[in-house]
Amino acid sequence: MNKMTLSELEQSLWGAANILRGPVDASDFKSYIFPVLFFKRISDVYDEEYKEALEESEGDEEYAGLSEFHDFNIPEKAHWKDILETTQNVGQALQYAFREIEKSNPDQLYGIFGDVNWTNKDRLSDELLINLIQHFNSLVLSKSNVEPDMLGQAYEYLIKKFADLTNRKAGEFYTPRPIVHLMGSILKPQEGETIYDPACGSGGMLLESYHYVKSNGGDARTLKLYGQEKNLTTSSISRINLFIHAVQSFQIIRGDTLREPAFLEGDRLAQFDIVIANPPFSLKKWGYENWSQDPYGRNIVGTPPKSNGDYAWVQHMIASMDPETGRMAIVLPHGALFRQGAEGKIRKALIEMDLLEAVIGLGPNLFYGTGISACILVFRSKKTNERKNRVLFIDASEQYQKGRSQNIFLPENAETVLKWYENYGDIENISQVVELSEIQKNEFNLNIPLYVKKIHEVEKIDLKVTLEQLKKDYKAFLESEEKMKRLLKEVNVL
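The rules behind these values
- All residue numbers refer to positions counted from 1 along the written sequence of the respective chain.
- Reporting in this predicted model follows two pLDDT cut-offs: at least 70 for local features of residues, and 80 or more for side-chain atom pairs to be given and counted; totals over whole chains, interfaces and linings ignore these cut-offs and use all residues.
- Hydrogens and waters are ignored; side-chain quantities use all the structure's heavy atoms.
- Detection works on a 1 Å grid of protein atoms alone, calling trapped sets that fit a 1.4 Å probe cavities and calling open sets with protein on both sides within 12 Å along at least five of seven lines pockets, with lining residues defined by an atom within 4 Å of a point.
- Grid points are joined across faces, edges and corners, and a volume is the space filled by probe spheres set on the points.
- A helix here means a DSSP run of H or I that spans at least four residues, while a strand means a run of E at least two residues long, and both kinds are numbered starting from the N terminus.
- Here the nonpolar group is Ala, Val, Leu, Ile, Met, Phe, Trp, Tyr, Cys and Pro; Asp, Glu, Lys and Arg are the charged ones; every other residue, Gly included, is treated as polar.
- Note that the domain bounds were set by an automatic or database domain assignment.
- Whenever a carboxyl oxygen of Asp or Glu lies within 4 Å of a side-chain nitrogen of Lys or Arg, that contact is scored as a salt bridge.
- Here the term buried applies to any residue with accessible area under 20% of the maximum for its type, exposed to any over 50%, and partly exposed to those in between, with areas from a 1.4 Å probe on protein chains only.
- UniProt positions are given in the numbering used here, feature names are shortened, and annotations may be inferred rather than shown by experiment.
- Pairs of strands are assigned from DSSP output, requiring at least two bridges between the strands.
- One less than the number of residues in a helix, times 1.5 Å, gives the span that helix is expected to have.
- Directions from the helix axis toward the C-beta atoms define the arc.
- Contact criterion: two residues are considered in contact whenever any of their non-hydrogen atoms come within 4.5 Å of each other.
- Pairing of aromatic side chains requires ring centres within 6.5 Å, counting the rings of Phe and Tyr and the six-membered ring of Trp. Pairs whose planes differ by under 30 degrees are stacked, by over 60 edge-to-face, and all others tilted.
- Only Lys NZ and Arg CZ are tested; either one counts as a charge over a ring when it is within 6 Å of the ring centre and within 35 degrees of the ring normal.

## With respect to empty space enclosed by the protein
Regions of empty space are outlined by a rolling probe, equal in size to a water molecule, passed over the atoms.
Consideration 1: Counting across every chain of the model gives two cavities of 30 Å³ or more.
Consideration 2: The computed volume of the largest cavity comes to approximately 60 Å³.
Consideration 3: Looking at the largest cavity, it is lined by 13 residues, and the ones nearest its centre are S31, P35, F113, T233 and S236.
Consideration 4: Mapped onto the lining of the largest cavity, the elements with two or more residues apiece are α2 (29-56) and α11 (232-244).
Consideration 5: Split by residue class, the lining of the largest cavity holds seven nonpolar, four polar and two charged.
Consideration 6: Residues from two domains meet in the lining of the largest cavity; each of domain 1 (6-149) and domain 2 (177-450) gives at least three.
Consideration 7: Taken as a whole, the second largest cavity spans an internal volume of roughly 50 Å³.
Consideration 8: As for the second largest cavity, its lining consists of Y311, R347, L350, I351, L356, L377, F379 and L446.
Consideration 9: Of the residues forming the lining of the second largest cavity, the biggest block, three residues, is contributed by helix α14 (residues 342-352).
Consideration 10: A breakdown of the residues in the lining of the second largest cavity according to their chemical character gives seven nonpolar, no polar and one charged.

## Focus: the pattern of salt bridges
Consideration 1: Applying the stated criterion across every chain, the model contains 25 salt bridges.
Consideration 2: Across the salt bridge formed by K143 and D71, the nearest N and O atoms sit 2.7 Å from each other. Note that K143 is positioned in the loop between α7 (126-137) and α8 (148-166) and D71 in the loop between α3 (61-64) and α4 (80-84), a separation of 72 residues in sequence.
Consideration 3: Among the residues examined, K143 registers a relative accessible area of 34% and is labelled partly exposed.
Consideration 4: Among the ionic pairs, E100 bridges to K103, the shortest N-O distance being 3.1 Å. Of this pair, E100 and K103 are both found in helix α5 (residues 90-104), three residues apart, which corresponds to roughly one turn of the helix.
Consideration 5: Looking at K103, the relative accessible area reads 59%, which means it is exposed.
Consideration 6: Three or more residues are tied together by salt bridges with common partners; here these are K230, D256, R259 and E289.

## Re the UniProt feature "transmembrane region" (unreviewed entry) in the chain
Consideration 1: According to UniProt, the feature "transmembrane region" (unreviewed entry) maps to residues 355-379 in the numbering used here.
Consideration 2: The distance separating the terminal C-alpha atoms of residues 355-379 is 5 Å; by composition the span is 0% helix and 52% strand.

## A closer look at the pairing of strand β7 (residues 327-333)
Consideration 1: By the criterion of burial, β7 is predominantly enclosed, with seven of the seven residues buried.
Consideration 2: Side chains of β7 alternate between two faces, with R327, A329, V331 and P333 and M328, I330 and L332 buried alike.
Consideration 3: Bridge count for strand β6 (residues 274-277) against β7 is four bridges, and the pairing is parallel. Across the sheet, the residue bridging to A277 is I330, located in β7.
Consideration 4: Where β7 and strand β9 (residues 374-380) come together, seven bridges link them in antiparallel fashion. Counterpart to V331 in the pairing with β9 is I376.

## Examining α7
Consideration 1: In this model α7 runs 16 Å from its N-terminal to its C-terminal C-alpha over 12 residues, within 8% of the 16 Å that 1.5 Å per residue would give.
Consideration 2: Within the span of α7, buried status applies to D126, L128, L129, L132, I133 and F136. All buried residues of α7 project into a common sector of 165° when viewed along the axis, lining one side.
Consideration 3: Buried residues in α7 make contact with α1 (6-19), α2, α4 and α5.

## Notes on the domain arrangement of the chain
Consideration 1: The domains assigned to the chain are domain 1 (6-149), domain 2 (177-450) and domain 3 (461-493).
Consideration 2: Computed from C-alpha atoms alone, the centre-to-centre distance between domain 2 and domain 3 is 63 Å.

## Here we look at the UniProt feature "domain: N6 adenine-specific DNA methyltransferase N-terminal" (unreviewed entry) in the chain
Consideration 1: Under the feature "domain: N6 adenine-specific DNA methyltransferase N-terminal" (unreviewed entry), the UniProt entry names residues 9-136.
Consideration 2: Taken as a whole, residues 9-136 contains 61% helix and 0% strand, while its terminal C-alpha atoms sit 11 Å from one another.

## Some thoughts on α2
Because an α-helix packs 3.6 residues into every turn, residues spaced three or four apart end up facing the same way.
Consideration 1: Between its first and last C-alpha, α2 extends 41 Å over 28 residues, near the 40 Å set by a 1.5 Å rise per residue.
Consideration 2: Extensive coverage of α2 is indicated by the burial of 21 of its 28 residues.

## With respect to the packing of aromatic side chains
Consideration 1: Evaluation of the coordinates by the stated rule reveals 28 aromatic pairs.
Consideration 2: Between the aromatic rings of F29 and F162, the centroid separation amounts to 6.1 Å while the plane-to-plane angle is 70°, which identifies the pairing as edge-to-face. You can see F29 sitting in helix α2 and its partner F162 sitting in helix α8, a full 133 residues away along the chain. Pair check on accessibility: F29 and F162 agree, each one buried.
Consideration 3: Judged by centre distance (5.3 Å) and plane angle (50°), the ring pair of Y226 and F272 falls under tilted. Placement of the pair is Y226 in strand β2 (residues 224-229) and F272 in the loop between β5 (268-269) and β6, with a sequence separation of 46 residues. Across the pair, exposure class does not vary: Y226 and F272 are buried alike.
Consideration 4: A connected cluster of aromatic rings, assembled from ring pairs, spans Y32, F38, F39, F72, W80, F98, F113, W118, F136, F243 and F250.
Consideration 5: Between the NZ or CZ atom of K161 and the centre of the ring of W14, over which it lies, the distance is 4.5 Å.
Consideration 6: The ring of Y421 has R387 sitting right over it, with the charged end atom 5.6 Å from the ring centre.

Structural data, given as C-alpha cells:
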C-alpha cells in the first residue's frame, strides 16, 4: 500500500469531521473525531506490533498478545475490527470499547476518550456512525504507514480547523502556533529539562518545547512535560495530542490550577525549568476566596482582585519556576501592564523583585475569542548581569497580517520579534532597554508607549517648489475654466 501524503491525510480527517455535520454542532466535532482517530491509531499499531511478534515467535499467538509487545492493551471485543463488524447499536459498541481500553490501560489512558454519550441515537444514528467508521477504516494508521510526526501534524491541522470553526470558544484550547513558537524560542528548552503549562489547552506549548529540542539536535525524549487543564474534553485532546506525537514522558492532569494545583512535592508546589502558558484572560471567579491564605504560598506579593485572575496566574507561575534555572513566558491582556489598585501593587512588587526580563506587545485581534491586544511577559529566576535591574520593552503591535475576522501572526512575524528580543538593545520605534529606576518614575506602569517612543518622520516641504507648482495648477485651472465657458456659449447656455 502506498503511504499517504500529509495533505491526503489532512483532507481525509477533515472529511471525517464533515460526516458529523448537521447532527453534531461544529463546535463539538473535536469531542467526537479525536477519540475515534485515537482508537483507530492504537488498534492499527496493536495489529502491527502483533504481526511482528507473531513472525518473531514463528506463529505463537499467545506470545504475540503479551502486553510487553504493545504500547497499549486492546482487550477482546474492544478492537477496531469489532466495531467495524457491528451494524446495530454502534454507539453502544464504541462506548464499550472505549471504556474497556481505558480499564486495560489505567495508568496511561484513564478517561482519555472523554464523556461523549455515544449511545444517543437521536444525534448519532447507526447509519451515521457506520459511515464514520467506514471512512476511518479507509485509513491505515500504523506506525509504518503514518509516522508520529506526520500524524501529529495532521492532528494539529485538525485542532486549527476546529478552532477556526468555533472562534469564540477556541481560545480555551488553541493559541496561534507562531505565537507559541516565539515563546518557546525565547525560553529555549534544553535536553532533560522539565516543562510545565498550568493552562495547557490542547498541549501546543508543551509540544513546542518538544519540537524545539528535537529540531535543535537534542534528544527530546529526555524532556519531562507537565500540564494541567480544567476542561475535560480539552485535557483529553491534549493527552491524545502528546500520545499521537509519540511523546514518552508527560503528565496531563484535569483540574483547576488556581484552586487545586496538581503538581506538588510534598505540601509545596513542584518547580520546573520552564513554565509557559496562555491562561484565560481576566478570569472572573478564579478562586479569590482561597488565595488570601493560599497553602502553597502563591500570593507572593499580594492577592489579586476578585474580578480578575491575571496576576493569580502570574504569581502561580513564578512560584512554579525553579529558583536556579527557571524561565517563564505568559500571555496576558494589555491591561495587566497598567491597571492600578491591587494589581498595580502586585506589579510594583514583582518588578522590584527583578525577575521580569521583557515585555512584548502584540497586535490586536490575534487570539481566538477576543479582539483585544495582548502581550507576552518573560521572567527569569536569575537574570544575567547585563539584564539585571533592566527590562526590555518591544513594540510588536504592527507584526501581523490583516485578516477578515481575525488578524494573523505569521511565522515570519515570530522570527522578526525573536531577533528583536535576542538583539537586546534599543531599536528606533521598536525596542528599548529600560532601567528599573525609570519604571519606578512611571509608578511601575509597564504600558509600552511610555518607553518605546514612536518617532514619526515629517515630510520636508520645499516652499519654493511648492509655490511654483501651485501657480502652474492655478493657471491650468483658469485655462480650463475659459474653455468651459466657450463651450457653454456655443450651445447658448451662457
